[in-house]
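Topology and contacts: notes
If you want the building blocks of each chain, they are given just below.
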Amino acid sequence: MNGLHRRAFVADMHNDLLCAVVARPVDRWAEFFRERWLPQLRSGGVNLVTLPVFIEDPFRPEGALRRTLRMIEAAHRLAAGNGDEVALCRDGAQVDGVLAEDRIALILALESAPGVGEDVELLETLFRLGVRIASLAHFGRTALADGSGEDRTGGRLTRAGVAALAEMERIGMLFDVSHLGAAGVGHVLELASRPVIATHSSARALLDHHRNLTDEQIRGIAAGGGLVCVNFFAPFLHEDDHSIDRLIDHLEHVAGVAGVAHVGLGPDFVKEVLADTTPPCCERAFVEGVPADAYLPGLEGPAGMPLVTEALQRRGWPEDAIVAVLGENVRRLLRTELGRPAAVATA
């Protein structure tokens, strides 16, 4: 492994591995994680992983809350069954403590939160269960906001979405703008009094897809003290050149707009998850108009993370900037914001 990468704190801010875990029998959850995912994380030098709770379409809307709870339970069980290697963390101090023990820190997140609906008081319930990051929409419309696939509607946050943002700021849950529609991102930046994060979003200036952020949005996130964690999904980086250089282009662009201190990594490794959860008879060829099976060579999973460090070094990035983007920026944000009620954070 690259020496700088080995020394650095590396944070993967969006890994859908919980979807693959819950596809196994309950008594295999912890073992499956240890067999399939833990070696990849260790090989990639990953120190922190954000685990989104993503609810597939067949569970929406009726089964969304039950599925949400089941995935949260899976996270707790895989952590308990691998306590020598990983731990679920509720605040920045716990993250630092876990890292000091050479274990991998896990952070629970909600992706779109369909199990919450308009009942925003459930955010505090889920917070008690360990959830520390949440977004309000995926590609489509929810009771809280419109996803980026609905951009033509011009939809901002709904009344319940505004209440959800306020509730998240109150209890210390980070607001994730990835997947949120353009008008919704603007609405959040108007209202937010605490830093927000884009856990897995790339630059629209380099590829004009609704899943990517505009320079104005990137500047707004940085101005509030937040982070933009760049997505590795190849079709969101370039139409046909699916090489690691195009990922570095996006990292450099976001750093140029926001400043290096506001950039992180949000890989969104989906190749193995899709293979584990999609029946061969029904394989998806496209998602939001782009190929679902196009990946950066070598970066199909977390074991490839050292390639990012090597590519940044080839571009001439200084070591301190590389270390910041790999994870130190994330660690700084988690120390000041994660799990801290508003009264504490502003004291």
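Residues numbered from 1 in each chain as written. Predicted model: local features only at pLDDT ≥ 70, side-chain atom pairs only at ≥ 80, totals over all residues. Heavy atoms only, no water.

1. Some words on the overall build of the chain
Our working rule: For the purposes of this entry, the term helix denotes a DSSP run of H or I that reaches at least four residues, the term strand denotes a run of E that reaches at least two, and both are numbered from the N terminus. Here the globule rule is a power law, 2.2 Å times the number of residues to the power 0.38, and the radius of gyration is based on C-alpha atoms. Categorising residues by exposure relies on relative accessible area from a 1.4 Å probe, with only protein chains included: less than 20% of the type maximum marks a residue as buried, more than 50% marks it as exposed, and the intermediate range marks it as partly exposed.
Each helix and strand counted, the chain has 14 helices and 11 strands in total. For 347 residues, the compact-globule estimate of 2.2 N^0.38 gives 20 Å, and the C-alpha radius of gyration of the chain, at 18 Å, lies within 12% of that figure. By principal-axis analysis of the C-alpha atoms, the chain measures approximately 50 × 50 × 45 Å. Buried residues in the chain amount to 58% of all 347 residues.

2. Observations concerning a nonpolar patch on the surface
Under the convention used in this document: Patches were defined on residues exceeding 30% relative accessible area and lacking a salt bridge, with like-charge contacts within 9 Å and nonpolar side-chain contacts (Val, Leu, Ile, Met, Phe, Trp, Tyr) within 5 Å. Areas reported here follow the Shrake-Rupley algorithm with a probe of radius 1.4 Å; residue values treat only the protein chains shown as occluding. The term salt bridge refers to a pairing of a side-chain nitrogen on Lys or Arg with a carboxyl oxygen on Asp or Glu at a separation within 4 Å.
A surface patch of nonpolar side chains, about 210 Å² in accessible area, is lined by Leu-65, Leu-69 and Leu-129. Position of Leu-65 relative to the elements: it lies in helix 4 (residues 64–80). With a relative accessible area of 34%, Leu-65 lands in the partly exposed category.

3. With respect to the pairing of strand 2 (residues 48–54)
For clarity, the cut-off: Here, any two strands with at least 2 DSSP bridges between them count as paired.
Burial within strand 2 is extensive, with 7 of its 7 residues counted as buried. Side-chain alternation along strand 2 places Leu-48, Thr-50, Pro-52 and Phe-54 on one buried face and Val-49, Leu-51 and Val-53 on a second face that is also buried. Where strand 1 (residues 11–12) lies against strand 2, 2 bridges are found, and the strand directions are parallel. For Ala-11, the partnering residue across the bridge sits in strand 2 and is Leu-48. Pairing of strand 2 with strand 4 (residues 104–111), which is carried by 7 bridges, proceeds in the parallel orientation. Looking at the pairing, Leu-48 lines up with Ala-105 of strand 4.

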